[in-house]
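In case you want the letters, here they are:
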Amino acid sequence: MSDFIGNPLFASGGITIFEVMNELAKKHNALNLGQGAPDTDGPADIRQAAADAIRTHSNQYPPLMGIPALLEAVADHNKRFYGLDIDPKREVMVAVGATEALADVILGLVAPGDEVVLIEPLYDSYLPIVKLAGGIPKLVRVTPPHWELPREELAAAFSDKTKLLLINSPMNPCSKVFSDDELQFIADLLIKHDAYALCDEVYEHLVFDGRKHRPLMTFPGMRDRCVRIGSAGKTFSLTGWKVGYITACPKLMEPIAKAHQFLIFTVPPGLQYGVAYGLNKDDSYFSGFTAEMQAKRDFLMKGLKEVGFDVLESQGTYFITCDFRPLGFDGDDVAFCQHMIETAGVVAIPVSAFYQKGDVRHFVRFCFCKREEMMIEAIARMKKAFSRA
Ligand code: PMP
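Residues numbered from 1 in each chain as written. Predicted model: local features only at pLDDT ≥ 70, side-chain atom pairs only at ≥ 80, totals over all residues. Heavy atoms only, no water.

Draft legend 1. How the structure looks around the site of the ligand. The full set close to the ligand counts 13 residues, and Thr99, Asp200, Tyr203, Lys234 and Lys242 are the nearest of them. Contacts to the ligand include Asp200, whose side-chain N or O atom sits 2.6 Å from a nitrogen atom. Separating an oxygen atom of the ligand from a side-chain N or O atom of Tyr203 is a distance of 2.7 Å. Comparing atom positions with the cavity grids shows the ligand to sit within the second largest pocket. In terms of residue count, the dominant contributor to the shell around the ligand is helix α5 (residues 97-109) (three residues). Counted by class, the shell around the ligand contains five nonpolar, five polar and three charged residues. (Near = heavy atom within 4 Å. Polar contact = N/O pair within 3.5 Å; in protein donor to acceptor, adjacent residues only side chain to side chain. 1 Å grid on protein atoms, 1.4 Å probe; cavity = no way out; pocket = protein on both sides within 12 Å on 5 of 7 lines; lining within 4 Å. Sits in = over half its atoms within 2 Å of the grid points. Helix = DSSP H or I, 4+ residues; strand = E, 2+ residues; numbered from the N terminus. Nonpolar A, V, L, I, M, F, W, Y, C, P; charged D, E, K, R; others polar.)

Rendered as structure tokens:
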């Protein structure tokens with residue numbers, strides 16, 4: 001008999017691969033290019049705005065949907081970057097990170113027996129929450145090296161029971177930015193099956209090489225079928241703040257807000273003021289942030305190529321995926337990551353962790369939102385460990 005006394009839904013999961021790798025990293029004093037978190041803090045003025053708010057504003061429960069200043073800032077951000085007209089009072093809600101936002105949307109919209117289409121590789125919280133809601137997951141996968149959307153399979157995953165499609169673009173871990181053509185294909189499926197989309201767009205400002213992030217919500221017929229999620233953690237390099245924001249039409253927002261009401265109810269007000277300040281920053285902050293991260297991507301990509309990895313394209317997010325087979329390692333991705341921590345003192349994440357099962361076994365994910373000195377050291381260590389001389 002299992003020792004696990006809790007909900008069986010959580011029994012099989014164990015601790016996440018991120019925790020496992022973080023623990024190993026600590027044990028071996030390794031450089032962490034695994035976890036998707038910057039190793040320097042976000043802008044000082046945003047942090048100051050939150051600190052000032054904590055000192056000067058009320059620290060009691062703010063409104064359930066969020067403080068008006070942040071609701072307005074989210075609506076304005078939607079207008080400024082995507083031309084979306086959003087009613088801040090009825091179409092925006094603040095959550096404890098994108099993670100809570102995702103849970104609110106899934107628990108609020110998915111009724112037991114509803115089908116939910118998910119595209120692997122999956123961010124770790126998606127599937128447990130869909131199951132918690134009683135949803136029936138229908139998995140479709142994109143795979144390396146090209147991560148192409150398998151259109152026929154995707155169409156076949158839809159049925160008259162489909163309630164929701166979950167799409168993450170730019171996509172973690174594969175750094176794929178869905179093309180307009182793919183998004184249009186998805187929009188057509190949603191209309192055909194009268195379904196909705198949960199759009200995890202936490203990496204909306206991390207889209208490179210002149211590409212533009214285009215929310216599915218901006219496509220014809222999609223305004224009231226999409227729920228869009230953003231994260232201050234990613235946009236302002238403040239992942240510990242855990243402030244996320246949801247944009248959706250009132251018909252969808254109403255049940256989502258109910259889920260939020262009973263799970264969390266409300267989000268720390270000081271942080272909300274800080275994020276409102278951040279979202280109102282000029283365009284130069286956002287373009288500068290993208291450029292800075294693109295430079296980091298280029299830097300790590302070059303280094304990983306020099307180590308000898310086969311480095312895949314990274315169109316967006318914090319991440320680069322590599323095929324390690326050219327290094328001559330004979331084993332799967334989990335074994336490779338353990339080996340790399342032990343021999344090089346560098347952490348990456350095995351990409352198989354993002355799939356339920358299958359044959360994606362020789363790709364690892366590196367994170368580049370790190371200080372350059374750290375990346376230089378990590379590259380040097382990997383070069384030494386994998387040198388064939
Ligand atoms: N979705 C994706 C795809 C992510 O990568 C992350 C963070 N790693 C989240 C959601 C969660 O974001 P937050 O920290 O705002 O909860």
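Draft legend 2. Structural context of helix α11 (residues 269-279). Counting buried positions along α11 yields nine of eleven residues, so the element is predominantly enclosed. Here α11 has its buried residues at Pro269, Gly270, Leu271, Gln272, Gly274, Val275, Ala276, Gly278 and Leu279. On its buried face, α11 is in contact with α3 (44-56), α4 (68-82), β2 (92-95), α9 (232-235), β8 (244-247) and α12 (283-307). (Buried < 20%, exposed > 50% of the residue type's maximum accessible area, 1.4 Å probe, protein only. Contact = heavy atoms within 4.5 Å.)

Draft legend 3. Up close: the nonpolar core. Judged by nonpolar contacts, the single largest core of 137 residues is most densely connected at Leu216, Phe309, Phe366 and Met382. At eight residues, α12 tops the list of elements feeding residues into this core. Lining this core are residues from two domains, each supplying at least three of them: domain 1 (8-41 + 284-385) and domain 2 (44-281). Setting aside chain neighbours within four positions, we find Leu216 in contact with Ile167, Leu183, Ile186, Ala187, Leu190, Ala197, Cys199, Glu201, Met222 and Cys226. (Core = buried A, V, L, I, M, F, W, Y, C linked by side-chain atoms within 4.5 Å. Domains from an automatic or database assignment.)

Draft legend 4. Structural context of the packing of helix α2 (residues 17-27) against helix α13 (residues 333-344). Between α2 and α13, the least distance of the axes is 9 Å, while the angle of their chain directions is 20°. When the axis of α2 is compared with that of α13, the two are roughly parallel. α13 is crossed by α2, and the crossing has right-handed handedness. Facing Met21, Leu24 and Ala25 of α2, the residues of α13 in contact are Cys337, Gln338 and Ile341. Considering only residue class, the contact of α2 with α13 consists of five nonpolar, one polar and no charged. (Axes fitted to C-alpha atoms, helices over the stretch in contact; angles between N-to-C directions. Parallel < 35°, antiparallel > 145°, perpendicular 65-115°, else oblique. Left-handed = near helix turned anticlockwise from the far one by under 90°.)

Draft legend 5. Spatial organisation of the pairing of strand β10 (residues 319-323). By the criterion of burial, β10 is predominantly enclosed, with five of the five residues buried. A two-sided burial pattern is seen for β10, the buried positions comprising Phe319, Thr321 and Asp323 on one face and Ile320 and Cys322 on the other. Where strand β9 (residues 310-311) lies against β10, two bridges are found, and the strand directions are antiparallel. Within β10, the position partnered with Val311 by the bridge is Cys322. (Pairing = 2+ DSSP bridges.)

Draft legend 6. Focus on the side chain of His260. Relative to the assigned elements, His260 resides in helix α10 (residues 250-263). His260 gets classed as buried once you look at its relative accessible area, which sits at 0%. Apart from residues no more than four positions distant in its own chain, His260 is found in contact with Leu64, Met93, Val94, Ala95, Glu100, Asp104, Phe265, Thr266 and Val267.

Draft legend 7. Spatial organisation of empty space enclosed by the protein. One pass over the structure, following the stated rule, counts one cavity of 30 Å³ or more. By volume, the largest cavity is sized at about 50 Å³. Lining the largest cavity are Leu118, Ile119, Leu122, Tyr126, Leu166, Ile167, Asn168, Met171 and Phe178. The greatest single-element share of the lining of the largest cavity, amounting to three residues, is contributed by strand β5 (residues 162-168). (Points joined across faces, edges and corners; volume = space filled by probe spheres on them.)

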